[in-house]
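Structure at a glance
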Amino acid sequence: MVERFKPIRFSRAGVRGLKVSATLAINDRVQDMWSAGQNVYHLAFGESRFPVHPKVAAALRAHVQKRSYLPALGIPELRRAIAEYHQTKFDLDVTPEQVVVGPGAKSLIFASLLALGEEVIIPQPSWVSYAPQAHLLAKPATFVPTRPEANFELELDVLETRMQESRQNWGNPEVFIVNSPKNPTGTMMHPEKVEALAGFARENELMVLSDEVYSLMTFGGVPHISIAHFYPEGTIVFGGLSKNLPLGGWRFGTAILPPGTGGRALAHAIGNIASNIWTCVTAPVQYAALVAYSGDPEVEEYIDLCARMHSIRTRFLFQTMVHLGIPCVEPAGAFYLFPSFQKWKEPLAARGVHTDDDLALHLLERYEIATLPGSAFHSAQELCLRISSSYIDAATDERADALLVAFREDPDPERFVQHHHPRLLKVAERFGEFIKDLERESGESGRRPDLAVI
Ligand SMILES: Cc1ncc(COP(=O)(O)O)c(C=O)c1O
(Lines give C-alpha, C1' and ligand atoms only; values in the text may rest on other atoms or scores of the structure.)
Protein backbone atom coordinates (compact mmCIF):
# COMPACT_ATOMS: atom_id res chain seq x y z
CA MET A 1 0.00 0.00 0.00
CA VAL A 2 1.48 3.35 -1.03
CA GLU A 3 1.17 5.97 1.72
CA ARG A 4 -0.73 9.12 0.71
CA PHE A 5 0.33 12.58 1.75
CA LYS A 6 -2.30 15.10 0.75
CA PRO A 7 -1.84 16.81 -1.66
CA ILE A 8 1.24 14.79 -2.66
CA ARG A 9 0.03 11.64 -4.36
CA PHE A 10 2.54 9.46 -6.11
CA SER A 11 2.19 8.11 -9.61
CA ARG A 12 2.26 4.39 -10.22
CA ALA A 13 5.45 4.62 -12.23
CA GLY A 14 7.30 6.52 -9.55
CA VAL A 15 6.42 4.34 -6.60
CA ARG A 16 4.77 1.02 -7.29
CA GLY A 17 7.21 -1.84 -7.25
CA LEU A 18 10.34 0.30 -6.89
CA LYS A 19 12.09 -0.95 -3.80
CA VAL A 20 14.45 1.09 -1.68
CA SER A 21 17.72 -0.10 -3.10
CA ALA A 22 20.34 -1.90 -1.09
CA THR A 23 22.78 0.56 -2.63
CA LEU A 24 21.12 3.36 -0.71
CA ALA A 25 21.04 1.33 2.48
CA ILE A 26 24.79 0.77 2.28
CA ASN A 27 25.54 4.37 1.39
CA ASP A 28 23.36 5.62 4.27
CA ARG A 29 25.24 3.34 6.62
CA VAL A 30 28.60 4.58 5.28
CA GLN A 31 27.50 8.18 5.86
CA ASP A 32 26.45 7.33 9.44
CA MET A 33 29.80 5.67 10.10
CA TRP A 34 31.74 8.59 8.63
CA SER A 35 29.67 11.08 10.67
CA ALA A 36 30.51 9.09 13.79
CA GLY A 37 34.22 9.40 12.89
CA GLN A 38 34.51 5.70 12.02
CA ASN A 39 36.81 4.30 9.37
CA VAL A 40 35.30 2.84 6.16
CA TYR A 41 37.16 1.27 3.23
CA HIS A 42 34.90 2.45 0.46
CA LEU A 43 34.65 -0.07 -2.34
CA ALA A 44 31.04 0.78 -3.11
CA PHE A 45 31.35 3.89 -5.31
CA GLY A 46 31.97 3.50 -9.03
CA GLU A 47 33.39 6.90 -9.84
CA SER A 48 36.69 7.76 -11.47
CA ARG A 49 38.40 10.24 -9.17
CA PHE A 50 41.36 11.54 -11.17
CA PRO A 51 41.71 15.27 -12.01
CA VAL A 52 40.14 17.11 -14.92
CA HIS A 53 42.65 17.30 -17.77
CA PRO A 54 44.06 20.88 -17.86
CA LYS A 55 43.13 21.40 -21.52
CA VAL A 56 39.55 20.29 -20.92
CA ALA A 57 39.36 22.43 -17.76
CA ALA A 58 40.72 25.45 -19.69
CA ALA A 59 38.11 24.92 -22.42
CA LEU A 60 35.32 24.89 -19.82
CA ARG A 61 36.61 28.10 -18.25
CA ALA A 62 37.04 29.76 -21.66
CA HIS A 63 33.38 29.12 -22.50
CA VAL A 64 31.80 30.13 -19.24
CA GLN A 65 30.05 33.01 -21.06
CA LYS A 66 28.24 30.58 -23.36
CA ARG A 67 24.83 30.93 -21.84
CA SER A 68 22.31 30.46 -24.62
CA TYR A 69 20.26 27.37 -25.13
CA LEU A 70 21.91 25.11 -27.66
CA PRO A 71 20.43 22.58 -30.14
CA ALA A 72 18.80 19.64 -28.32
CA LEU A 73 20.95 17.03 -30.07
CA GLY A 74 24.21 18.97 -29.62
CA ILE A 75 26.16 21.70 -31.45
CA PRO A 76 27.04 20.62 -35.02
CA GLU A 77 30.83 20.93 -34.59
CA LEU A 78 30.68 18.65 -31.53
CA ARG A 79 28.55 16.05 -33.30
CA ARG A 80 31.10 16.14 -36.13
CA ALA A 81 34.04 15.73 -33.71
CA ILE A 82 32.35 12.79 -31.94
CA ALA A 83 31.61 11.08 -35.28
CA GLU A 84 35.29 11.41 -36.29
CA TYR A 85 36.45 10.21 -32.89
CA HIS A 86 34.36 7.04 -33.18
CA GLN A 87 35.73 6.48 -36.65
CA THR A 88 39.35 6.78 -35.48
CA LYS A 89 39.10 5.05 -32.09
CA PHE A 90 36.55 2.32 -32.77
CA ASP A 91 36.64 1.96 -36.54
CA LEU A 92 32.93 2.74 -36.71
CA ASP A 93 31.51 4.47 -39.78
CA VAL A 94 29.60 7.31 -38.16
CA THR A 95 28.18 10.47 -39.71
CA PRO A 96 27.52 13.59 -37.58
CA GLU A 97 23.73 13.14 -38.03
CA GLN A 98 23.97 9.84 -36.16
CA VAL A 99 25.46 11.53 -33.07
CA VAL A 100 23.31 12.75 -30.19
CA VAL A 101 24.65 14.24 -26.96
CA GLY A 102 22.80 14.33 -23.66
CA PRO A 103 23.29 14.86 -19.92
CA GLY A 104 25.05 11.54 -19.32
CA ALA A 105 24.67 8.14 -20.97
CA LYS A 106 22.05 7.39 -18.32
CA SER A 107 19.62 10.04 -19.66
CA LEU A 108 20.22 8.95 -23.24
CA ILE A 109 19.53 5.31 -22.37
CA PHE A 110 16.31 6.41 -20.70
CA ALA A 111 15.31 8.54 -23.70
CA SER A 112 16.03 5.62 -26.04
CA LEU A 113 13.96 3.25 -23.92
CA LEU A 114 11.17 5.81 -23.95
CA ALA A 115 11.37 6.16 -27.73
CA LEU A 116 11.62 2.46 -28.58
CA GLY A 117 9.50 -0.73 -28.34
CA GLU A 118 7.98 -2.40 -25.31
CA GLU A 119 9.58 -5.60 -23.95
CA VAL A 120 13.20 -5.13 -22.86
CA ILE A 121 15.84 -7.84 -22.49
CA ILE A 122 18.22 -7.17 -19.60
CA PRO A 123 21.22 -9.38 -18.71
CA GLN A 124 21.70 -10.57 -15.13
CA PRO A 125 23.72 -9.22 -13.43
CA SER A 126 23.75 -5.77 -14.97
CA TRP A 127 24.13 -2.09 -14.10
CA VAL A 128 21.70 -0.88 -11.44
CA SER A 129 19.70 1.54 -13.59
CA TYR A 130 18.49 -0.52 -16.59
CA ALA A 131 15.73 -2.38 -14.76
CA PRO A 132 14.42 0.66 -12.82
CA GLN A 133 14.37 2.65 -16.06
CA ALA A 134 12.30 -0.07 -17.75
CA HIS A 135 10.09 -0.11 -14.66
CA LEU A 136 9.62 3.66 -14.69
CA LEU A 137 8.49 3.36 -18.30
CA ALA A 138 6.18 0.43 -17.43
CA LYS A 139 8.04 -1.81 -19.88
CA PRO A 140 8.13 -5.53 -19.12
CA ALA A 141 11.70 -6.74 -18.57
CA THR A 142 12.97 -10.19 -19.50
CA PHE A 143 16.04 -11.02 -17.43
CA VAL A 144 18.65 -13.27 -18.99
CA PRO A 145 20.98 -14.88 -16.45
CA THR A 146 24.68 -15.13 -17.18
CA ARG A 147 27.16 -17.41 -15.39
CA PRO A 148 30.61 -16.81 -13.93
CA GLU A 149 31.78 -20.05 -15.64
CA ALA A 150 30.90 -18.39 -18.95
CA ASN A 151 32.71 -15.14 -18.11
CA PHE A 152 29.29 -13.55 -17.43
CA GLU A 153 28.73 -13.47 -21.20
CA LEU A 154 25.27 -13.89 -22.68
CA GLU A 155 24.76 -17.44 -23.93
CA LEU A 156 22.64 -17.79 -27.05
CA ASP A 157 20.70 -20.86 -25.89
CA VAL A 158 19.75 -19.18 -22.60
CA LEU A 159 18.83 -16.04 -24.49
CA GLU A 160 16.66 -18.02 -26.90
CA THR A 161 14.86 -19.81 -24.03
CA ARG A 162 14.17 -16.59 -22.17
CA MET A 163 12.94 -14.98 -25.41
CA GLN A 164 10.49 -17.84 -25.93
CA GLU A 165 9.23 -17.60 -22.35
CA SER A 166 8.85 -13.90 -22.79
CA ARG A 167 6.84 -14.35 -25.99
CA GLN A 168 4.47 -16.62 -24.09
CA ASN A 169 4.17 -14.34 -21.07
CA TRP A 170 4.31 -10.85 -22.46
CA GLY A 171 4.89 -10.51 -26.13
CA ASN A 172 7.83 -10.13 -28.41
CA PRO A 173 11.00 -8.63 -26.91
CA GLU A 174 12.01 -5.64 -28.96
CA VAL A 175 14.86 -3.95 -27.12
CA PHE A 176 18.03 -5.68 -26.00
CA ILE A 177 20.51 -4.10 -23.57
CA VAL A 178 24.16 -5.17 -23.70
CA ASN A 179 27.13 -3.74 -21.80
CA SER A 180 30.83 -4.38 -22.28
CA PRO A 181 33.14 -3.79 -20.43
CA LYS A 182 30.54 -4.65 -17.87
CA ASN A 183 29.39 -3.14 -14.64
CA PRO A 184 29.25 -4.99 -12.18
CA THR A 185 31.66 -7.76 -13.25
CA GLY A 186 34.49 -5.91 -15.05
CA THR A 187 34.31 -8.59 -17.75
CA MET A 188 34.24 -8.03 -21.50
CA MET A 189 32.52 -9.78 -24.36
CA HIS A 190 34.87 -11.56 -26.69
CA PRO A 191 34.69 -10.38 -30.31
CA GLU A 192 33.22 -13.72 -31.53
CA LYS A 193 30.46 -13.40 -28.95
CA VAL A 194 29.78 -9.83 -30.04
CA GLU A 195 29.41 -11.03 -33.62
CA ALA A 196 27.16 -13.94 -32.59
CA LEU A 197 24.92 -11.62 -30.55
CA ALA A 198 24.70 -9.25 -33.50
CA GLY A 199 23.50 -12.16 -35.66
CA PHE A 200 20.96 -13.14 -33.01
CA ALA A 201 19.68 -9.58 -32.69
CA ARG A 202 19.35 -9.18 -36.46
CA GLU A 203 17.51 -12.48 -36.80
CA ASN A 204 15.10 -11.51 -34.01
CA GLU A 205 14.78 -7.90 -35.16
CA LEU A 206 15.94 -6.63 -31.79
CA MET A 207 17.03 -3.07 -31.27
CA VAL A 208 20.30 -3.23 -29.34
CA LEU A 209 21.18 -0.61 -26.73
CA SER A 210 24.92 -1.13 -26.37
CA ASP A 211 26.28 0.56 -23.26
CA GLU A 212 29.97 1.15 -23.96
CA VAL A 213 30.78 3.81 -21.36
CA TYR A 214 33.89 1.83 -20.29
CA SER A 215 35.17 1.14 -23.82
CA LEU A 216 38.40 3.10 -23.31
CA MET A 217 39.16 1.40 -20.00
CA THR A 218 40.29 -2.06 -21.00
CA PHE A 219 43.28 -3.97 -19.74
CA GLY A 220 42.73 -7.68 -20.12
CA GLY A 221 43.96 -8.06 -23.69
CA VAL A 222 40.41 -8.54 -25.02
CA PRO A 223 39.89 -5.95 -27.77
CA HIS A 224 36.77 -3.85 -27.40
CA ILE A 225 34.58 -4.31 -30.46
CA SER A 226 31.23 -2.60 -30.62
CA ILE A 227 28.23 -4.65 -31.65
CA ALA A 228 27.50 -1.73 -34.01
CA HIS A 229 30.43 -3.01 -36.04
CA PHE A 230 28.37 -6.07 -37.03
CA TYR A 231 24.84 -4.70 -36.69
CA PRO A 232 24.95 -0.96 -37.37
CA GLU A 233 21.33 -0.74 -38.55
CA GLY A 234 20.01 -2.04 -35.21
CA THR A 235 22.38 -0.64 -32.58
CA ILE A 236 22.64 2.48 -30.47
CA VAL A 237 26.09 2.88 -28.90
CA PHE A 238 26.25 4.81 -25.63
CA GLY A 239 29.39 6.51 -24.35
CA GLY A 240 30.45 9.73 -22.70
CA LEU A 241 33.01 11.41 -20.50
CA SER A 242 32.10 10.02 -17.06
CA LYS A 243 34.54 7.13 -16.99
CA ASN A 244 37.45 7.54 -19.43
CA LEU A 245 37.88 11.20 -18.55
CA PRO A 246 36.80 11.45 -14.94
CA LEU A 247 33.90 13.85 -15.54
CA GLY A 248 30.85 12.05 -14.12
CA GLY A 249 29.56 15.22 -12.49
CA TRP A 250 29.76 17.20 -15.71
CA ARG A 251 26.94 15.04 -17.08
CA PHE A 252 27.96 14.43 -20.65
CA GLY A 253 26.95 11.36 -22.64
CA THR A 254 26.79 10.34 -26.27
CA ALA A 255 24.57 8.09 -28.35
CA ILE A 256 25.49 6.89 -31.82
CA LEU A 257 22.27 6.07 -33.65
CA PRO A 258 21.87 3.73 -36.61
CA PRO A 259 22.51 5.17 -40.10
CA GLY A 260 19.79 5.78 -42.68
CA THR A 261 16.14 6.74 -42.47
CA GLY A 262 15.42 4.64 -39.34
CA GLY A 263 18.26 6.36 -37.49
CA ARG A 264 17.03 9.77 -38.64
CA ALA A 265 13.53 9.02 -37.33
CA LEU A 266 15.06 7.93 -34.02
CA ALA A 267 17.15 11.12 -33.84
CA HIS A 268 13.96 13.06 -34.37
CA ALA A 269 12.22 11.14 -31.54
CA ILE A 270 15.14 11.57 -29.13
CA GLY A 271 15.39 15.24 -30.10
CA ASN A 272 11.71 15.64 -29.16
CA ILE A 273 12.27 13.97 -25.81
CA ALA A 274 15.43 16.00 -25.13
CA SER A 275 13.91 19.32 -26.08
CA ASN A 276 10.92 18.70 -23.84
CA ILE A 277 12.87 17.43 -20.83
CA TRP A 278 16.46 18.67 -20.55
CA THR A 279 16.57 21.08 -23.54
CA CYS A 280 20.29 20.64 -24.19
CA VAL A 281 23.56 19.68 -22.54
CA THR A 282 24.99 22.57 -20.47
CA ALA A 283 26.54 24.97 -22.99
CA PRO A 284 30.11 25.34 -21.58
CA VAL A 285 30.30 21.54 -21.18
CA GLN A 286 29.53 21.05 -24.87
CA TYR A 287 32.40 23.38 -25.80
CA ALA A 288 34.76 21.67 -23.36
CA ALA A 289 33.70 18.31 -24.84
CA LEU A 290 35.00 19.55 -28.21
CA VAL A 291 38.51 19.33 -26.73
CA ALA A 292 37.82 15.92 -25.20
CA TYR A 293 36.81 14.54 -28.60
CA SER A 294 39.46 16.40 -30.62
CA GLY A 295 41.91 13.50 -30.59
CA ASP A 296 44.50 15.80 -28.94
CA PRO A 297 47.49 13.50 -28.17
CA GLU A 298 47.85 14.89 -24.64
CA VAL A 299 44.20 14.17 -23.82
CA GLU A 300 44.47 10.72 -25.39
CA GLU A 301 47.62 10.01 -23.38
CA TYR A 302 45.77 11.06 -20.23
CA ILE A 303 42.81 8.75 -20.96
CA ASP A 304 45.30 5.93 -21.33
CA LEU A 305 47.14 6.87 -18.14
CA CYS A 306 43.93 6.91 -16.07
CA ALA A 307 42.91 3.53 -17.53
CA ARG A 308 46.32 2.12 -16.52
CA MET A 309 45.98 3.38 -12.95
CA HIS A 310 42.49 1.87 -12.69
CA SER A 311 43.77 -1.38 -14.10
CA ILE A 312 46.59 -1.65 -11.52
CA ARG A 313 44.25 -0.96 -8.62
CA THR A 314 41.57 -3.33 -9.94
CA ARG A 315 44.05 -6.08 -10.70
CA PHE A 316 45.52 -5.77 -7.21
CA LEU A 317 42.09 -6.42 -5.74
CA PHE A 318 41.60 -9.31 -8.15
CA GLN A 319 44.94 -10.82 -7.06
CA THR A 320 43.79 -10.41 -3.48
CA MET A 321 40.65 -12.43 -4.25
CA VAL A 322 42.71 -15.11 -5.99
CA HIS A 323 45.18 -15.44 -3.11
CA LEU A 324 42.41 -15.68 -0.57
CA GLY A 325 40.62 -18.34 -2.61
CA ILE A 326 37.58 -16.11 -3.18
CA PRO A 327 35.98 -17.15 -6.49
CA CYS A 328 36.05 -14.18 -8.85
CA VAL A 329 36.02 -13.90 -12.64
CA GLU A 330 39.08 -12.04 -13.93
CA PRO A 331 38.22 -8.46 -14.93
CA ALA A 332 39.26 -7.09 -18.31
CA GLY A 333 37.95 -3.54 -18.13
CA ALA A 334 36.28 -0.80 -16.05
CA PHE A 335 37.10 -0.90 -12.30
CA TYR A 336 34.86 -3.62 -10.94
CA LEU A 337 35.01 -7.13 -9.55
CA PHE A 338 32.13 -9.48 -8.75
CA PRO A 339 33.40 -12.09 -6.27
CA SER A 340 31.24 -14.85 -4.83
CA PHE A 341 31.16 -15.91 -1.17
CA GLN A 342 28.84 -18.83 -1.80
CA LYS A 343 31.47 -21.35 -0.71
CA TRP A 344 31.25 -19.95 2.84
CA LYS A 345 27.46 -20.22 2.87
CA GLU A 346 27.40 -22.25 6.10
CA PRO A 347 29.68 -20.18 8.31
CA LEU A 348 27.98 -17.08 6.93
CA ALA A 349 24.55 -18.49 7.81
CA ALA A 350 25.87 -19.18 11.32
CA ARG A 351 26.65 -15.48 11.53
CA GLY A 352 23.10 -14.64 10.42
CA VAL A 353 24.23 -13.76 6.90
CA HIS A 354 21.85 -15.36 4.40
CA THR A 355 21.64 -12.96 1.47
CA ASP A 356 24.10 -10.72 -0.32
CA ASP A 357 22.36 -7.71 1.24
CA ASP A 358 23.16 -9.24 4.66
CA LEU A 359 26.70 -9.91 3.50
CA ALA A 360 27.35 -6.33 2.36
CA LEU A 361 26.06 -4.96 5.67
CA HIS A 362 28.02 -7.52 7.66
CA LEU A 363 31.30 -6.69 5.89
CA LEU A 364 30.69 -3.03 6.53
CA GLU A 365 29.81 -3.38 10.19
CA ARG A 366 32.37 -6.01 11.17
CA TYR A 367 35.28 -5.28 8.79
CA GLU A 368 34.68 -1.64 7.75
CA ILE A 369 34.55 -2.62 4.08
CA ALA A 370 31.77 -1.02 2.03
CA THR A 371 30.69 -2.98 -1.06
CA LEU A 372 27.43 -3.36 -2.95
CA PRO A 373 25.30 -6.50 -2.83
CA GLY A 374 24.84 -8.48 -6.05
CA SER A 375 21.07 -8.06 -5.62
CA ALA A 376 21.42 -4.37 -6.56
CA PHE A 377 22.51 -5.68 -9.99
CA HIS A 378 19.76 -8.32 -10.26
CA SER A 379 22.37 -11.01 -9.84
CA ALA A 380 21.30 -14.57 -10.60
CA GLN A 381 23.93 -15.90 -8.15
CA GLU A 382 23.70 -15.76 -4.36
CA LEU A 383 26.18 -14.17 -1.98
CA CYS A 384 27.96 -12.04 -4.56
CA LEU A 385 29.29 -8.53 -4.03
CA ARG A 386 30.29 -5.79 -6.39
CA ILE A 387 33.62 -4.28 -5.50
CA SER A 388 34.85 -1.06 -7.07
CA SER A 389 38.51 -0.04 -6.94
CA SER A 390 37.82 3.51 -8.04
CA TYR A 391 37.52 5.31 -4.71
CA ILE A 392 40.05 3.72 -2.43
CA ASP A 393 43.12 5.91 -1.72
CA ALA A 394 41.54 8.55 -3.97
CA ALA A 395 38.68 9.68 -1.74
CA THR A 396 39.69 13.34 -1.76
CA ASP A 397 40.69 15.39 -4.80
CA GLU A 398 44.11 15.99 -3.19
CA ARG A 399 44.74 12.25 -2.76
CA ALA A 400 43.62 11.53 -6.33
CA ASP A 401 45.83 14.34 -7.69
CA ALA A 402 48.79 12.98 -5.71
CA LEU A 403 48.26 9.50 -7.20
CA LEU A 404 48.49 10.93 -10.70
CA VAL A 405 51.72 12.78 -9.88
CA ALA A 406 53.20 9.63 -8.33
CA PHE A 407 52.23 7.45 -11.29
CA ARG A 408 53.71 9.90 -13.78
CA GLU A 409 56.98 9.84 -11.83
CA ASP A 410 57.09 6.07 -11.47
CA PRO A 411 54.58 3.92 -13.37
CA ASP A 412 55.84 0.64 -11.95
CA PRO A 413 52.64 -1.22 -10.88
CA GLU A 414 54.09 -2.87 -7.79
CA ARG A 415 55.68 0.29 -6.42
CA PHE A 416 52.56 2.28 -7.31
CA VAL A 417 50.51 0.02 -5.05
CA GLN A 418 53.06 -0.51 -2.29
CA HIS A 419 54.12 3.14 -1.92
CA HIS A 420 50.90 5.01 -2.64
CA HIS A 421 47.99 2.80 -1.66
CA PRO A 422 48.03 2.29 2.11
CA ARG A 423 44.28 1.75 2.25
CA LEU A 424 44.20 -0.68 -0.66
CA LEU A 425 46.84 -2.75 1.16
CA LYS A 426 44.81 -2.52 4.35
CA VAL A 427 41.62 -3.60 2.63
CA ALA A 428 43.43 -6.70 1.34
CA GLU A 429 44.36 -7.50 4.93
CA ARG A 430 40.79 -6.98 6.07
CA PHE A 431 39.47 -9.40 3.44
CA GLY A 432 42.15 -11.81 4.65
CA GLU A 433 40.87 -11.54 8.24
CA PHE A 434 37.30 -12.07 7.08
CA ILE A 435 38.15 -15.23 5.14
CA LYS A 436 40.36 -16.54 7.95
CA ASP A 437 37.50 -16.06 10.40
CA LEU A 438 35.05 -17.85 8.11
CA GLU A 439 37.41 -20.76 7.53
CA ARG A 440 38.12 -21.11 11.22
CA GLU A 441 34.41 -21.14 11.89
CA SER A 442 33.78 -23.76 9.24
CA GLY A 443 36.69 -25.84 10.52
CA GLU A 444 38.57 -25.55 7.27
CA SER A 445 41.33 -23.22 8.32
CA GLY A 446 44.49 -23.48 6.30
CA ARG A 447 47.43 -21.29 5.43
CA ARG A 448 47.20 -19.13 2.37
CA PRO A 449 50.22 -17.89 0.47
CA ASP A 450 51.33 -14.33 1.22
CA LEU A 451 49.77 -11.62 -0.87
CA ALA A 452 51.75 -10.79 -3.97
CA VAL A 453 51.28 -7.60 -5.93
CA ILE A 454 49.97 -7.68 -9.52
C1 LIG B 1 27.31 0.60 -17.16
C2 LIG B 1 27.05 2.04 -16.93
N3 LIG B 1 26.32 2.74 -17.82
C4 LIG B 1 26.07 4.05 -17.65
C5 LIG B 1 26.53 4.72 -16.53
C6 LIG B 1 26.19 6.17 -16.36
O7 LIG B 1 26.94 6.97 -17.20
P8 LIG B 1 26.75 8.55 -17.21
O9 LIG B 1 27.51 9.12 -16.07
O10 LIG B 1 27.29 8.95 -18.56
O11 LIG B 1 25.28 8.82 -17.12
C12 LIG B 1 27.28 4.04 -15.57
C13 LIG B 1 27.73 4.74 -14.36
O14 LIG B 1 28.05 4.18 -13.35
C15 LIG B 1 27.54 2.67 -15.78
O16 LIG B 1 28.27 1.96 -14.89
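Here, every reference points to the structure presented above.
Note that the structure is predicted; figures quoted are calculated from it, not measured. (Residues numbered from 1 in each chain as written. Predicted model: local features only at pLDDT ≥ 70, side-chain atom pairs only at ≥ 80, totals over all residues. Heavy atoms only, no water.)

With respect to the sheet that holds strand β5 (residues 175–179)
- With mixed pairing, seven strands are arranged side by side in an open sheet as β2-β8-β7-β6-β5-β3-β4. Two strands bound the open sheet, and with one partner strand each, they are β2 (99–102) and β4 (141–145). Here the strands of the sheet are splayed against their neighbours by 25 degrees on average, with no regard to which way each runs.
- As paired elements, strand β6 (residues 207–211) and strand β7 (residues 235–240) share four bridges and run parallel to each other. (Pairing = 2+ DSSP bridges. Helix = DSSP H or I, 4+ residues; strand = E, 2+ residues; numbered from the N terminus. Axes fitted to C-alpha atoms, helices over the stretch in contact; angles between N-to-C directions.)

Quick word on the pattern of salt bridges
- With the rule as written, the count across this model stands at 24 salt bridges.
- Note that Glu433 is salt-bridged to Arg430, the shortest N-O span being 3.9 Å. Of the two residues, Glu433 and Arg430 are both situated in helix α16 (residues 422–441); the distance of three residues between them amounts to about one turn of the helix.
- A relative accessible area of 17% means that Arg430 is categorised as buried.
- A network of salt bridges, in which partner residues are shared, links Arg351, Asp437, Arg440 and Glu441. (Salt bridge = Lys/Arg side-chain N within 4 Å of Asp/Glu carboxyl O. Buried < 20%, exposed > 50% of the residue type's maximum accessible area, 1.4 Å probe, protein only.)

Examining the site of the ligand
- Taken together, the neighbourhood of the ligand is formed by 13 residues, with Ala105, Asp211, Tyr214, Ser242 and Arg251 sitting nearest.
- Take Ala105: an N or O atom from its main chain is 2.7 Å from an oxygen atom of the ligand.
- Take Ser242: an N or O atom from its side chain is 2.7 Å from an oxygen atom of the ligand.
- Among the residues making up the shell around the ligand, the classes are represented as five nonpolar, four polar and four charged. (Near = heavy atom within 4 Å. Polar contact = N/O pair within 3.5 Å; in protein donor to acceptor, adjacent residues only side chain to side chain. Nonpolar A, V, L, I, M, F, W, Y, C, P; charged D, E, K, R; others polar.)

Describing the nonpolar core
- Counting residues in hydrophobic clusters, the biggest one holds 87 residues, and the most contacted among them are Phe252, Tyr293, Phe341, Leu348, Phe431 and Phe434.
- Among the elements that line this core, the one with the most residues is helix α11 (residues 297–323), at eleven residues.
- The residues that make up this core include at least three from each of domain 1 (12–50 + 299–441) and domain 2 (65–294).
- In contact with Phe431, not counting residues within four places along its chain, are Leu43, Met321, Leu324, Ile326, Phe341, Leu363, Ile369 and Ile387.
- Residues Leu108, Ile109, Ala111 and Leu266 belong to the second largest nonpolar core, which totals 36 residues. (Core = buried A, V, L, I, M, F, W, Y, C linked by side-chain atoms within 4.5 Å. Domains from an automatic or database assignment. Contact = heavy atoms within 4.5 Å.)

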